[in-house]
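# Structural characterization, general
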Amino acid sequence: MALQGPIPVTFAMVFPHGCYIVGEVEPVKDFDASSNGRFVQARDKQTAELVWQVAVMDGDPTLKPAQKTVAVKILAPVQPVPPQPMPGLPFTPVEFDGMSVTPYVNAAGRLAYSIKVHEMHAPRQNAQNAQTTPAKAGKDAA
């Protein structure tokens, strides 16, 4: 089979309604290498980059509350810095580049996905405008 390892995806494929940071960027613990109170940070198996994690809330309004928050792993040599909060919003909007997903079966026996990214940044204005322009055009034409 041609698909082996992480599957490349785009931000729009995973978060078509956008997503928001709801936690701190934290190092991921390597449970095999850490012992006796000594913390060892995990490294990605394919790239050997340090692994960081941040909780994000999916902006999809159709998701159940338990499905809204997911962990995104960021592969980076130093701790990534989240975008600046936006005035008037309770959560910070964020976008990711260099995304991939790895499917796995979770402890409950259900299909789940591990999301890995290479970059985190504030949403691009042109992407937001591109998403709203067709709706405005259709509304104006009606």
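These lines cover the structure that appears in this document, whether it is placed above or below. (Residues numbered from 1 in each chain as written. Predicted model: local features only at pLDDT ≥ 70, side-chain atom pairs only at ≥ 80, totals over all residues. Heavy atoms only, no water.)

This paragraph deals with the side chain of Ser 34. Secondary-structure assignment places Ser 34 in the loop between β3 (26-27) and β4 (51-58). The class for Ser 34 is buried, based on a relative accessible area of 12%. One polar contact links the side chain of Ser 34 to the main-chain carbonyl oxygen of Asp 30, over a distance of 2.9 Å. Within polar-contact distance, the side chain of Ser 34 engages the backbone nitrogen of Val 40 at 2.8 Å. Residue contacts for Ser 34: discarding those within four places in its chain leaves Lys 29, Phe 39 and Val 40. (Helix = DSSP H or I, 4+ residues; strand = E, 2+ residues; numbered from the N terminus. Buried < 20%, exposed > 50% of the residue type's maximum accessible area, 1.4 Å probe, protein only. Polar contact = N/O pair within 3.5 Å; in protein donor to acceptor, adjacent residues only side chain to side chain. Contact = heavy atoms within 4.5 Å.)

So, about the packing of aromatic side chains. One pass over the full model with this rule turns up two aromatic pairs. Taken together, a centroid distance of 5.6 Å and an interplanar angle of 40° make the contact between Phe 11 and Phe 15 tilted. Pair check on accessibility: Phe 11 and Phe 15 agree, each one buried. Plain terms: the ring middles of Phe 11 and Phe 96 are 6.4 Å apart, the flat faces sit at 50° to each other, and that makes the pair tilted. Pair noted here: Phe 11 is in helix α1 (residues 11-14) and Phe 96 is in strand β6 (residues 92-97), with a separation of 85 residues, a long-range link. (Phe/Tyr/Trp six-rings, centres within 6.5 Å; stacked < 30°, edge-to-face > 60°.)

Within the element layout of this structure, Tyr 104 appears in strand β7 (residues 99-105). Residue Tyr 104 is classed as partly exposed on the basis of its relative accessible area of 40%. Apart from residues lying up to four places away in sequence, Tyr 104 is in contact with Arg 110, Leu 111, Ala 112, Tyr 113 and Ser 114.

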